[in-house]
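Each chain, written out:
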Amino acid sequence: MRTGGSEAGPRAGTGTGADPAGRTPVGVPGGRRRPAHSVRTARVAVSVVFAVHGMASGTFATRIPWLREHLGLSPGWLGLALVFMTAGASAAMPLSARLAHRYGPRRALAAVSLACCAGLVLPPLAPALGWLCLALFVYGCGLGLMDVAMNAQGVRVEAAYGRSVMSALHGLWSVGTLLGGAGGVVAAHAGLDARVHLGVAAPLLAVAAVVAARWTPGDRWTPGEGPGPGADGVDTGDAADAVDAARTGDGAEAPPRFALPSRGVLAIGLLGFCAVFAEGASMDWSGIYLADVTGAEPGLAASAYTAFACTMALARLSGDAVVRRFGPVATVRAGGVLAAAGAALVVAARTPPAAVAGFALIGVGIAVVVPLCFAAAGRASAAAPGQAIAGVATLAYASGLAAPAVVGWIAESTSLSVSFGVVTALLVGLVAGARVLRT
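These remarks concern the structure in this document. Because the structure is predicted, anything quoted here is derived from the model rather than measured.

Observations concerning the overall build of the protein
The secondary structure content of the protein amounts to 16 helices and two strands. For the protein, the proportion of its 439 residues judged to be buried stands at 57%. Put simply, of all contacts in the protein between residues at least 6 apart along the chain, 82% involve residues at least 24 apart. Carbon and sulfur atoms provide 67% of the accessible area of the protein, an area that totals close to 16,100 Å².

As structure tokens, then:
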């Protein structure tokens, strides 16, 4: 199984070694020409979709305190409601590969993006806890489907480039969360009703995602085709013989609705589990942590999420160069140490500046883990990369969506500080588990 680069020498997992034909990939001195124009266009389009998904997530995260106050929920009941978002994403993620097979990855991505943005409107409309649970389930389905679809397209673009680009794509997702979070901070300061806020944001995000999806890879990015348009009019260029393209023609066998992940994919997913749990906990509870534990004002409390998203975005945008230089194993181990230190600082913090700094360190430390996990999953199953990505996404992001609920339950019986002690322990697991990204 080819799951990533080693700590030294050529790093096949990051796209910096030779391709299967023994040639030097794009971006390496003395290598082949730069990717074709349509490949670069596809990267921009996929980047936009990542940013839209991030903006939807960031926008929702900043309005969770509004939902809690609007419905008068305790931390435990709020955590219970967020479990339904976990259930929706977990149930929907495995279906993404079948949608791409049946309708083509481009049209499937447009459809699930529209569903995700439509679901964003539902939670603030809920009049009671039961309706909130149903709304979060529907929204979770859209989030999960869009997440798998856009990462599958990102893996195809990375393979066509011949070098690591997944960290930058996820960096733009983080930029999206930052923009969505900034909009949420402004809306919270202005006292804007979340129903109005999300009702305006959702249609704008939907239009951006659906338009961008038109320029993402279609159903036949054919490996080894050489310069010129592919079967769907996409010019893959001669770098495309590295592409692990998922065929969706009539003669292709449909992926199963549900399939247990292989041992290698499961190991990658468990690594992502630790990182995404910390991400989900920080996204959804950072503002409440500052308000309840450090006594911060609402505006300052919301800035903890902004600091987390900002540092994560910067680390991911520069992450591809770091991974190419040091390899994924060393990068993830160093990140795990940094993130665990940040979580420990959050546990010890009793003033807003210390807690904000801790959340910022968590963002830097876990930044590149998820992109590396998705890239490794896409290579782990040459026959069905979308299905492998769905397996990792189901495990990793089920963790992230479950994290708010688990944090809420622990806080209900103990305290939020104890909850983030659990987060600290999981982040230590990144240091030990990074070895699964070796070739």
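Thoughts on helix 4 (residues 96-103)
Buried within helix 4 are the following residues: Ser96, Ala97, Ala100 and His101. All buried residues of helix 4 fall inside an arc of 140° around its axis, so they share one side. Where helix 4 terminates, the next one or two residues include glycine 104, which has phi positive at roughly 90°.

Considerations on the side chain of threonine 331
With respect to the helices and strands, the residue threonine 331 is situated in helix 12 (residues 328-348). What threonine 331 contacts, discounting residues up to four positions off in sequence, is Val322, Val323, Phe326 and Val368.

With respect to the side chain of glutamate 158
Tracing the sequence through the fold places glutamate 158 in helix 6 (residues 129-161). Looking at glutamate 158, its side chain comes within polar contact range of the main-chain nitrogen of methionine 166, at 3.1 Å.

Concerning the nonpolar core
Counting residues in each nonpolar core, the largest one holds 119 residues, and the members touching the most others are Phe60, Phe359, Ile366, Phe420 and Leu427. At 16 residues, helix 6 tops the list of elements feeding residues into this core. Those residues in contact with phenylalanine 420, other than ones at most four positions away along the chain, are Ala281, Ser282, Trp285, Tyr289, Ala343, Val346, Val347, Phe359 and Val407.

Overview of the pattern of salt bridges
On inspection of all chains with the given rule, the structure shows three salt bridges. The partner of arginine 195 in a salt bridge is aspartate 193, with the nearest N and O atoms 2.6 Å apart. Accessibility expressed as a relative area gives 37% for arginine 195, which makes it partly exposed. Judged by relative accessible area, which is 23%, aspartate 193 ranks as partly exposed. Put simply, glutamate 279 and arginine 316 hold a salt bridge, and the shortest N to O gap is 3.9 Å. Of the two residues, glutamate 279 sits in helix 9 (residues 263-293) while arginine 316 sits in helix 10 (residues 298-317), which places them 37 residues apart along the sequence. By relative accessible area, which is 1% here, arginine 316 ends up buried.

Considering the packing of helix 7 (residues 166-189) against helix 10
Remark: helix 7 packs on helix 10, axes separated minimally by 7 Å, with the N-to-C direction vectors making an angle of 165°. One way to sum up the angle between helix 7 and helix 10 is to call them roughly antiparallel. As for the relative orientation of helix 7 and helix 10, their crossing is left-handed in sense.

Some words on the packing of helix 1 (residues 37-62) against helix 5 (residues 105-120)
It is at 10 Å that the axes of helix 1 and helix 5 come closest, and there the two elements cross at 15°. For the element pair helix 1 / helix 5, the angle class is roughly parallel. The handedness of the crossing between helix 1 and helix 5 is left-handed. Where helix 1 approaches helix 5, its residues Val49, Val52, Ala56 and Phe60 are matched on the opposing element by Leu109, Ser113, Cys117 and Leu120. Per-class residue counts for the contact of helix 1 with helix 5 are seven nonpolar, one polar and no charged.

Examining a nonpolar patch on the surface
Judged by side-chain polarity, Leu122, Leu125, Trp131, Leu134 and Val138 come together as a nonpolar surface patch covering roughly 470 Å² of accessible area. Mapping leucine 122 onto the fold places it in the loop between helix 5 and helix 6.

Examining the environment of alanine 128
Counting through the fold element by element, alanine 128 comes out in the loop between helix 5 and helix 6. Judged by its relative accessible area of 34%, alanine 128 is partly exposed. Distance in space between the C-alpha atoms of alanine 128 and leucine 73 is 9.8 Å, their sequence separation being 55 residues.

Details of the state of the cysteines
Under the counting rule described, the total for this entry stands at zero disulfides. No disulfide involves cysteine 117; its sulfur sits 5.3 Å from that of cysteine 116, the nearest cysteine. With no disulfide of its own, cysteine 274 lies closest to cysteine 373 among cysteine sulfurs, the gap being 9.4 Å. The class of cysteine 274 is buried, set by a relative accessible area of 13%.

Conventions used here
- Sequence order as written defines the numbering, with residues in each chain counted from 1.
- The predicted nature of this model means local features are confined to residues of pLDDT at least 70 and side-chain atom pairs, given and counted, to a pLDDT of 80 or more, with totals for whole chains, interfaces and linings taken over all residues.
- Excluded from the side-chain calculation are hydrogens and water; included are all heavy atoms of the structure.
- Numbering of helices and strands runs from the N terminus; a helix is a DSSP stretch of H or I covering at least four residues, while a strand is a stretch of E covering at least two.
- Each residue is placed in one exposure class: buried if its accessible area under a 1.4 Å probe, protein chains only, is under 20% of its type's maximum, exposed if it is over 50%, and partly exposed if it falls in between.
- Between two residues, a contact is recorded if the distance between any of their heavy atoms is within 4.5 Å.
- Accessibility throughout is a Shrake-Rupley quantity obtained with a 1.4 Å probe, and a residue counts as covered only by protein chains that appear here.
- Of all possible arcs, the one meant is that of the directions from the helix axis to the C-beta atoms.
- Any N or O atom pair separated by 3.5 Å or less is treated as a polar contact, with the protein-specific requirement of one donor-capable and one acceptor-capable atom, and with residues adjacent in sequence counted only for side-chain atom pairs.
- Here, nonpolar core means buried Ala, Val, Leu, Ile, Met, Phe, Trp, Tyr and Cys residues that are tied together by side-chain atoms lying within 4.5 Å of each other.
- The rule for a salt bridge is simple: a side-chain nitrogen of Lys or Arg has to be within 4 Å of a carboxyl oxygen of Asp or Glu.
- Only the stretch in contact is used when a helix axis is fitted, and all axes are lines through C-alpha atoms; the angle between N-to-C directions ranges over 0 to 180 degrees.
- For this classification, under 35 degrees means roughly parallel, over 145 means roughly antiparallel, 65 to 115 means roughly perpendicular, and everything else is oblique.
- Here a crossing is taken to be left-handed if its near helix is turned anticlockwise relative to the far helix by less than a right angle, and right-handed if that turn runs clockwise.
- Classification used: nonpolar for Ala, Val, Leu, Ile, Met, Phe, Trp, Tyr, Cys and Pro, charged for Asp, Glu, Lys and Arg, polar for all others including Gly.
- Patch members must show over 30% relative accessible area and no salt bridge, and they are joined within 9 Å when carrying like charges or within 5 Å when they are nonpolar side chains of Val, Leu, Ile, Met, Phe, Trp or Tyr.
- For this text, the term disulfide refers to a pair of cysteine sulfurs within 2.5 Å.

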